[in-house]
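Chain and residue survey
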Amino acid sequence: KATLHFCGADYQSENRRINRWLVGAYDSTGALTGPISDTVVYDSRQGAQSALDEVRAVLKTCSPNTQVNVGGSILTVEPRPSTDLVLSGAVPESQRAVMTEVVTDPTSGSSALIQTVWQIQGVYLSSLTIQHDAQVPFSKADQAQFGTLAANIASRLKAAPQPS
């Protein structure tokens, strides 16, 4: 399964991926109930940097109302300016990218606001994603919790073994 699929773009760095850990919180029906953390190991530091560079390029060029196929469902993606997330404990800005998007299922009409922060450290690229109802504002408490989770991931990335 593709690690990077934002805005339906083709990410060449996917072929440099050598391992992946995806962690999410789901209820008994399979519905997502919390944030998702996805950490990918690349074949080199350059591989992880390429992935982050691709994400940044797509963030700059993704058009509103882009149609993407996610698990057989066609969804509409609308990039939005990122809210003021408190990411003081995350990796430095030069090692991260932040994305906010509204994803709408045209069949049901339901919309979700999705926020993701990608962080690199050596051969690792980690993303933290949270989604919630697009009609409900992302509260200051939500922003703080998201920042704390991003900081925890950053500290784990710094402690992770790196190939020589």
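Described below are features of the structure shown in this document. (Residues numbered from 1 in each chain as written. Predicted model: local features only at pLDDT ≥ 70, side-chain atom pairs only at ≥ 80, totals over all residues. Heavy atoms only, no water.)

**Some points on helix α1 (residues 45-61)**
Spelled out, the test is: Each helix is a run of H or I in the DSSP string that is no shorter than four residues. Each strand is a run of E no shorter than two, and both are numbered from the N terminus. Each residue after the first adds 1.5 Å to the expected span of a helix. Residue exposure (1.4 Å probe, protein chains only): buried if accessible area is under 20% of the type maximum, exposed if over 50%, otherwise partly exposed. The directions from the helix axis to the C-beta atoms form the arc being described. Residues count as neighbours in contact if any of their non-hydrogen atoms are within 4.5 Å of one another.
In a regular helix each residue adds 1.5 Å, so 17 residues correspond to 24 Å; α1 covers 25 Å between its end C-alpha atoms and thus fits that length. G47, A48, A51, L52, E54, V55 and V58 are the residues of α1 that are buried. The arc enclosing the buried residues of α1, seen along the axis, measures out at 155 degrees, which places them on a common side. Residues of α1 that are exposed and point over 90 degrees away from its buried face: Q46, K60 and T61. Among the structural elements, β2 (32-42), β5 (96-104), β6 (111-121) and β7 (124-133) are those in contact with the buried residues of α1.

**Structural notes on helix α2 (residues 140-159)**
Taking 1.5 Å per residue as the helical rise, α2 with its 20 residues ought to reach 28 Å, and the 29 Å between its terminal C-alpha atoms agrees with that figure. Listed as buried for α2 are Q143, F146, G147, A150, A151, I153, A154 and L157. Angular distribution of buried residues about the axis of α2 spans 165 degrees; they occupy a single face of the element. With respect to the buried face of α2, the exposed residues turned more than 90 degrees away are A141, R156 and A159. Lining the buried residues of α2 we find β2, β6 and β7.

**Some thoughts on the nonpolar core**
Put simply, the rule reads: Among buried residues, the Ala, Val, Leu, Ile, Met, Phe, Trp, Tyr and Cys ones that are joined through side-chain atoms within 4.5 Å form a nonpolar core.
Among the nonpolar cores identified, the biggest contains 23 residues, and L4, F6, Y42, W118 and L125 are the most heavily contacted of them. The set of elements that each furnish at least two residues to this core consists of β2, α1, β4 (73-80), β5 and β6. The leading source of residues in this core is α1, at 5 residues. With near-sequence residues (within four places) excluded, F6 lies in contact with Y11, V58, L59, C62, V77, M99 and E101. L87, V123, L128 and F146 belong to the second-largest nonpolar core, a separate cluster that totals 14 residues.

Purely geometric stuff here, so don't read any function into it on its own.
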